[in-house]
Amino acid sequence: MRRRGQLVLVAAALVAVALAPVVLAYLQLGYHDDVRATAEYGDPTAGTLRVLDRAVATTSSDVPGDYSWARRTVAVTSVRDELRPTLARLRTVRIERGTVTAIAYNASVATAWADASCPSGPDRQFGDCVADRGVVVQNRTDRTHVLGVAVDVTTTTERGETTITVVVDSMGH
């Protein structure tokens, strides 16, 4: 019985010695978490969307007071003109850190969003919704209200490229 115990002990020692190089190789190769999943990784696309949220909400707030529904095309042009400096800044703000951001209006997504999000029929509270050059506007008491802005945001870093399409709600939701 004692011999058997010693044999088991020797076998365990051999297995431990045999596994040592595997463990050492694993440690030398190194393991690191998914960089995007760690708290230390600041997602540049998320930051871009936060700035866009604020800019669209701010830019849209004065539109109803300034533009009747008949002048909605001029209102959309004004919104796009007011957003231009913010979009330009977002494109260049992180270049020195190796991040390039491209932002483009998405007219087809704006149209689809307007069709899906604006109620129709006899029970609706407001007038027509129109998507114009990526900006969704609605007729509310003969005033132009901006509901959202559809954009494609492409962020390129040393880790890769991410493209998202989003409709930025003018109410900041």
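Residues numbered from 1 in each chain as written. Predicted model: local features only at pLDDT ≥ 70, side-chain atom pairs only at ≥ 80, totals over all residues. Heavy atoms only, no water.

1. A look at the pairing of strand β3 (residues 135-140)
This is how the line gets drawn: Throughout this description, buried means an accessible area under 20% of the type-specific maximum (1.4 Å probe, protein chains only), exposed means over 50%, and partly exposed covers the range between. Each helix corresponds to a stretch of at least 4 residues labelled H or I by DSSP, and each strand to a stretch of at least 2 residues labelled E; elements are numbered beginning at the N terminus. For two strands to be treated as a pair, DSSP must find at least two bridges joining them.
Taken across its 6 residues, β3 has 5 buried, putting it largely inside the fold. One ladder, built from 4 bridges, connects strand β2 (residues 129-132) with β3; its direction is antiparallel. Bridge pairing in β3 links Ala-131 to Val-136. Connecting the antiparallel pair β2 and β3 is a turn made up of 2 residues, with Arg-133 showing a positive phi of about 55°. The turn linking β3 back onto strand β4 (residues 143-157) is made up of 2 residues, and Thr-141 within it adopts a positive phi angle of 50°.

2. Side note on the state of the cysteines
The term disulfide refers to a covalent linkage connecting the sulfur atoms of a pair of cysteines. Threshold: By definition, disulfides here are pairs of cysteine sulfur atoms that lie within 2.5 Å.
Enumeration over the complete set of coordinates arrives at 1 disulfide. Here Cys-118 is linked by a disulfide to Cys-129, with a sulfur-sulfur distance of 1.8 Å. When the S-S torsion is -85°, as for the bridge of Cys-118 with Cys-129, the disulfide is left-handed. One end of the pair, Cys-118, is in the loop between α5 (107-117) and β2; the other, Cys-129, is in strand β2, and 11 residues separate them in sequence. By relative accessible area, which is 11% here, Cys-118 ends up buried.

None of the figures reported here should be taken as evidence of function without further support.
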